[in-house]
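# An overview of the molecular structure
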Amino acid sequence: MIQFEQVSKIYPPAFHALNDISLNINKGEGVFLAGPSGAGKSTLLKLIFREEEPSTGRILIDGKNISRLTSRAVAALRCKIGLVFQEFRLLPGLSAVENVALAAEVVGVTKQASRTKAGNLLQELGLNDHYDAAPLALSAGERQRVAIARALINDPMLVLADEPTGNLDADAAHECLRLLFKIRDRGATVVVATHDLDLVNRYGTRVLWLRQGELIDDLHRSEARSVAR
Amino acid sequence: MKTTLLGFVLRRVGNSLWQLLWTHLLTAVTMAVTLFVFGGFMLLQVNLERLLRVWGDQIQITAYLAKGVGGADAQLLLQRVRSLPEVFLVRLTTQEQAWRDFQTALGSQSGLLDGLPPDVLPASLEIAFKPAQRDSAIIEEFAQRLRREKDVAAVEYPQAWVERLSLIILAVQWVKWIIGGLLFLGTFFIVGNAVKLALLARKEEVEIMQLIGASEQLIQAPFVLEGMIQGLMAGAISLAILWGMFVFLRQALPTLAGVLMPVARPEFLDPTGIALLLAIGALLGAAGSLFSLRRFIKTWKASPRVA
């Protein structure tokens, strides 16, 4: 589903954020992007949702070179990608249900249908008492669940999460990852960037290990444990 | 654009107008000043053109007959002039008639004429032109022909005034576009800055919309629409002030209006002029918004803020 072919990203004047990365991520797969800060995890995610373009190499999603997409096609691509961030990125002026519904409204779903779907998702994620709450009135874990609901509302084929547990306590972080990987049950691919090795080791899933812009390993859980040690 | 997206855009415009009401109002008032100045020149131009048209319609040549020409000679000249193709109407005023008219015009002061001989005023022909012949070159050439008539002593017509007024109108037109153009340019940047403020206030919202797949058009449309609404508001404000000033001046300066406009009272902008001013406002607002949007939105990188 996602293919990187010898992808490098260089920021001016000469910062090599990613070096010659080649990888494949299959449909329905759950993948951790692990590595210390500055390893290139966020850059890799930005390349996938076309926030950045590669300096060299090609990125294919479902066989299409995303560097060649028009701005309209980029918007259409992003509609199929759910994004979750460390700092939640919810609009403080909107309620939880409005924040979630916004993502559906921008792709042309009616206000009523968007609200209904947003409400159902919030209920599914255990936030049925917080539909009308402002984000700032929610705990960090609850805010991240609202963000996950927003990422899911357009039935994405791919969910990208960048340090989604960075602002959460241990229990909330665990719950957040459980929910994220559960998204695979809907047929979506999930890519989670994190520097938290304890979390990586809890889940039996593939780990792409980055360091200083290099893909140094493509491991499974047991192997990740040994790297962590 | 889909109907649902249009509804979404309109809701966002409504929210923004409400949330940033004072910013929008201030911008609209600033634009209104520009539109008021421009509208003022439009109004001046419209009324001067109207005055010129009225004068043009009334333009006539007065040919004063030579001393002693009257009776049969005057009738012959009248017939000859009446047969000319340019002439719409010609009226002979005899010396006696001219004297009586003068006395009537003086009214209670007609005693001033006591002692003067009644033939002191010359007989005259007042000649009006067919509409198609009311051209300064034709009239000038016609006047020259009349001057060559042996029975005609002098020929007068208000051509100089008409030409001067035409020049004034041309000047007003140029001033309107030069001053208007400079003001539009200034307003364009003011609107651009107001939109920049609105954009900065909603930077996070714009970034999030980019991230969740909103198209560039969907992000830009509410701002452009807001600019247009501001422009229309500004147009309406400027028209209201113009109307107020117009009514005030028309009432406060009746004498001046009477002198300048003996036949036609000053008039306000017609529906086309009003629509033009509103359209310029809307265009100015939309263009200012687009200018800012293109500069700023593309420079913002919607991205997760983690290295």
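Computed from a prediction, not measured in an experiment: that's the story for all the values here.

A separate point is the overall build of chain B. For chain B, the count of helices and strands is ten helices and four strands. Taken from the N to the C terminus, the helices and strands of chain B come in the order α-α-β-α-β-α-β-α-β-α-α-α-α-α. Counting the 307 residues in chain B, one finds 28% classified as buried. Across chain B, contacts joining residues at least 24 apart in sequence account for 88% of those joining residues at least 6 apart.

Moving on, we come to the sheet that holds strand β3 (residues 124-129) of chain B. Residues and elements named next belong to chain B. Spatially, β2-β3-β1-β4 is the arrangement adopted by the four strands of the open sheet, whose pairing is antiparallel. Strand pairing shows two members of the sheet lacking a second neighbour, β2 (87-93) and β4 (152-156), which therefore form its edges. Within this sheet the neighbouring strands show an average axis-to-axis angle of 20 degrees, counted without direction. In this structure, strand β1 (residues 60-65) lies alongside β3, joined through five bridges in antiparallel fashion. The residue of β3 that forms the bridge with Ala-63 is Leu-125.

Glancing now at the interface of chain B and chain A. If you look at the interface, chain B gives 23 residues, while chain A gives 28 residues. Mapped by element, the contributors of at least two residues to the side of chain B that touches chain A are α1 (3-19), α7 (203-211) and α8 (216-252) of chain B. For the side of chain B that touches chain A, the leading source of residues is α7 of chain B, giving five residues. Its residues assigned to classes, the side of chain B that touches chain A comprises twelve nonpolar, five polar and six charged.

A few words now on the packing of helix α5 (residues 140-152) of chain A against helix α6 (residues 170-182) of chain A. Residues and elements named next belong to chain A. Running from N to C, α5 and α6 point in directions that differ by 10 degrees, and their axes come no closer than 10 Å. If you check the angle between α5 and α6, you find them roughly parallel. In this structure, α5 meets α6 at a crossing whose hand is right-handed. Residue-level inspection shows Ala-140, Gly-141, Gln-144, Arg-145 and Ile-148 of α5 in contact with α6, the latter providing Ala-172, Glu-175, Cys-176, Leu-179 and Leu-180. Split by residue class, the contact of α5 with α6 holds six nonpolar, two polar and two charged.

All names here are of chain A. Most of strand β8 (residues 189-194) is tucked away, with six of its six residues classed as buried. Burial along β8 is two-sided: the residues Thr-189, Val-191 and Ala-193 and Val-190, Val-192 and Thr-194 are all buried. With five bridges connecting them, strand β3 (residues 30-34) and β8 associate as parallel partners. Paired with Gly-30 across the two strands is Val-190, which belongs to β8. Each parallel crossover has a hand, and for strand β7 (residues 158-162) linked through α6 to β8 it is right-handed.

All names here are of chain A. Pairing is mixed in the open sheet, where six strands are placed in the order β6-β7-β8-β3-β9-β10. Unpaired on one side and paired on the other, β6 (81-85) and β10 (214-219) mark the two borders of the sheet. The sheet shows a mean angle of 15 degrees between the axes of neighbouring strands, direction not considered. The pairing of β7 with β8 spans five bridges and is parallel.

Moving on, we get to the packing of α8 of chain B against helix α10 (residues 271-296) of chain B. Residues and elements named next belong to chain B. Direction vectors running N to C along α8 and α10 enclose 145 degrees, while the axes themselves pass 7 Å from each other. In this structure, α8 meets α10 at a crossing whose hand is right-handed. Looking at the contact of α8 with α10, its residues break down into 15 nonpolar, ten polar and one charged.

Time to look at helix α3 (residues 96-105) of chain A. Note on helix geometry: an α-helix contains 3.6 residues per turn, so any two residues three or four positions apart are oriented the same way. Judged by how many residues are buried, α3 of chain A sits mostly within the fold: ten of ten residues are covered. Along α3 of chain A, the positions that sit buried rather than exposed are Ala-96, Val-97, Glu-98, Asn-99, Val-100, Ala-101, Leu-102, Ala-103, Ala-104 and Glu-105 of chain A. Contacts from the buried residues of α3 of chain A go to α4 (111-124) and α5 of chain A together with α1 of chain B.

Moving on: the nonpolar core. Soluble globular proteins tend to bury their nonpolar side chains together. Among the nonpolar cores identified, the biggest contains 108 residues, and Val-100, Ala-149, Val-159 and Leu-160 of chain A are the most heavily contacted of them. Ranked by residue count, the leading element in this core is α8 of chain B, at eleven residues. With sequence-adjacent residues up to four places away left out, Val-100 of chain A is seen in contact with Ala-118, Leu-121, Leu-122, Val-146, Ala-149, Arg-150 and Ile-153 of chain A.

Residues and elements named next belong to chain B. Across chain B, the average pLDDT comes to 82, with 91% of residues at 70 or higher. The least confident element of chain B, judged by mean pLDDT, is helix α9 (residues 254-260) at 55; the most confident is α8 at 90. pLDDT under 50 marks residues 301-307. Its contacts with residues more than four places away, or in other chains, come to 19 contacts. On the interface metric, ipTM, the complex scores 0.80, and its pTM is 0.68.

Residue and element names in this part refer to chain B. In this fold, Ala-240 is placed in helix α8. The exposed category is assigned to Ala-240, around which 12 C-beta atoms lie within 10 Å. On a C-alpha basis, the gap between Ala-240 and Phe-36 in space is 9.2 Å, while along the polypeptide they are 204 residues apart.

What follows deals with the confidence of the model for chain A. Looking at chain A as a whole, its pLDDT mean stands at 87, while 96% of the residues score no less than 70. Counting interchain partners and residues more than four positions distant, the pLDDT-below-50 stretch residues 224-229 of chain A has ten contacts.

What counts and how
Residues numbered from 1 in each chain as written. Chains lettered and ligands numbered in written order. Predicted model: local features only at pLDDT ≥ 70, side-chain atom pairs only at ≥ 80, totals over all residues. Helix = DSSP H or I, 4+ residues; strand = E, 2+ residues; numbered from the N terminus. Buried ≥ 20, exposed ≤ 12 C-beta atoms within 10 Å, placed from the backbone. Contact = placed C-beta atoms within 7 Å. Pairing = 2+ DSSP bridges. Axes fitted to C-alpha atoms, helices over the stretch in contact; angles between N-to-C directions. Nonpolar A, V, L, I, M, F, W, Y, C, P; charged D, E, K, R; others polar. Parallel < 35°, antiparallel > 145°, perpendicular 65-115°, else oblique. Left-handed = near helix turned anticlockwise from the far one by under 90°. Right-handed = clockwise from strand over helix to strand, strands pointing away. Core = buried A, V, L, I, M, F, W, Y, C linked by C-beta atoms within 7 Å. pLDDT = per-residue confidence, 0-100.

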